[in-house]
Amino acid sequence: MKRRIAALALAALLVLGLTACGGKKSDGTTIKVGATPAPHAAVLEVAKEILAEEGYTLDIVEYDDYVTPNTSLEDGSLDANYFQHITYMNEFNVEHGTHMVNAADIHYEPFGLYAGKTASLADLADGAQIAVPNDGTNEARALLLLEQEGLIKLKEGVGLSATKSDIADDGNPRDFEIIELNADQLPSRLQDVDMAVINGNYAIDAGLKVSDAVAVEAATGEAAEAYVNVLAVKEGNENSEGIQALVKALQSDAVKTFIEETYDGAVVPLF
């Protein structure tokens, strides 16, 4: 009996030793990541195949809003999320008392101004309706794009905190009607307004191409830095083995090639 126990113990030690030497996980570790459908969930599908080779299962949970993926990350329902830019994440932390940090920079999505009832900027009439996202920094970003195109002028220094109430007193001489809508509603409401500034992911999901936009956010270093889409995790988890494996997969050549070949400039890898 003692010999049998000793033999079983030796066998167990050998198995542990072989697992350690193998360099790959064999326990089927699952990483649960929240994402909006496009491009984030699609990019994660590419990373999923890479992670599978390392013994990880990537569970992708899709969301249609910008709040639930963050509250789910905070309460531990998710291990990470990939849908938001760094500025939105930082402001969400301040407003909601969450503890998210950036585990990795992944990509940048230029905002576009898309034609609805009016086909071009030259045809835009006084009093035209222009829709913008109504959430946090995304509204400011949309207004900055309108300012970039000379349609409005914002008050000095409002920057990334701007709302339509921050349009300068003389900053809307053509009396454009700025309509604030939930970001996910903008594509479906595009034909109800003259033009709309649409977030990159929702534009992609609706089949809109950035090359067809009547105006595109300037791809300056400042914009890319302020609006880089990140892999967000709860503070303290950024260096965990699973998250680092996910970062490596998302910043792989395979993901970079997929982004460049699929999105035609609407998504720009930053690695």
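Note that the coordinates shown come from a computational prediction; the quantities given were computed from them, not determined experimentally.

Undergrad: So what about the confidence of the model for the protein chain? Which residues, and what values?
TA: On average, residues of the protein chain carry a pLDDT of 89, and 89% of them reach 70 or more. Of the regions scoring below 50 in pLDDT, residues 1–27 engages in eight contacts with residues more than four places distant in sequence or in other chains.

Undergrad: Now, about the nonpolar core: what can you tell me, with residues and values included?
TA: Of all hydrophobic cores here, the largest spans 60 residues; its most connected members are V33, L44, L58, Y82, L231, L246 and L250. Sorting elements by how many residues they give to this core places helix α2 (residues 37–52) first, with seven residues. Contacts of L58, omitting those with residues within four sequence positions, involve I31, V33, L44, A47, K48, L51 and L246. Membership of the second largest hydrophobic core comes to 22 residues, among which are A128, L145, V158 and A215.

Undergrad: Describe the sheet that holds strand β1 (residues 29–35), and please don't skip the residues or the numbers.
TA: Sheet architecture is open: six strands sit in the order β2-β1-β3-β10-β4-β11, paired in mixed fashion. Both edges of this open sheet fall to β2 (56–62) and β11 (268–269), since each of them pairs with a single strand only. With seven bridges joining them, strand β4 (residues 100–108) and strand β10 (residues 228–234) adopt antiparallel strand pairing. When the sheet's bridge partners are listed, V101 is paired in β10 with V233. Of the strands in this sheet, β1, β2, β3 (80–85), β4 and β10 are in contact with helix α9 (residues 241–250), which crosses β10 at around 165°.

Undergrad: Give me the packing of aromatic side chains: which residues, what numbers.
TA: Tallied over the full model, the rule gives six aromatic pairs. Taking 5.8 Å as the distance between ring centres and 65° as the angle between the ring planes, the aromatic pair formed by Y66 and Y88 counts as edge-to-face. Here Y66 is found in the loop between β2 and α3 (68–74), whereas its partner Y88 is found in helix α4 (residues 86–96), with 22 residues between them in sequence. Each member of the pair, Y66 as well as Y88, is classed as buried. With centroids separated by 5.6 Å and ring planes inclined at 20°, the aromatic side chains of Y66 and Y202 adopt a geometry described as stacked. Note that Y66 is positioned in the loop between β2 and α3 and Y202 in helix α7 (residues 200–205), a separation of 136 residues in sequence. The same class applies to Y66 and to Y202, which are both buried. Three or more aromatic residues joined by ring pairs form one cluster here, namely Y66, F83, Y88, F92 and Y202. When the ring centre of Y227 is taken as reference, the NZ or CZ atom of R141 above it lies at 4.0 Å.

The rules behind the values
- Residues numbered from 1 in each chain as written.
- Predicted model: local features only at pLDDT ≥ 70, side-chain atom pairs only at ≥ 80, totals over all residues.
- Heavy atoms only, no water.
- pLDDT = per-residue confidence, 0-100.
- Contact = heavy atoms within 4.5 Å.
- Core = buried A, V, L, I, M, F, W, Y, C linked by side-chain atoms within 4.5 Å.
- Buried < 20%, exposed > 50% of the residue type's maximum accessible area, 1.4 Å probe, protein only.
- Helix = DSSP H or I, 4+ residues; strand = E, 2+ residues; numbered from the N terminus.
- Pairing = 2+ DSSP bridges.
- Axes fitted to C-alpha atoms, helices over the stretch in contact; angles between N-to-C directions.
- Phe/Tyr/Trp six-rings, centres within 6.5 Å; stacked < 30°, edge-to-face > 60°.
- Lys NZ or Arg CZ within 6 Å of the ring centre and 35° of its normal.

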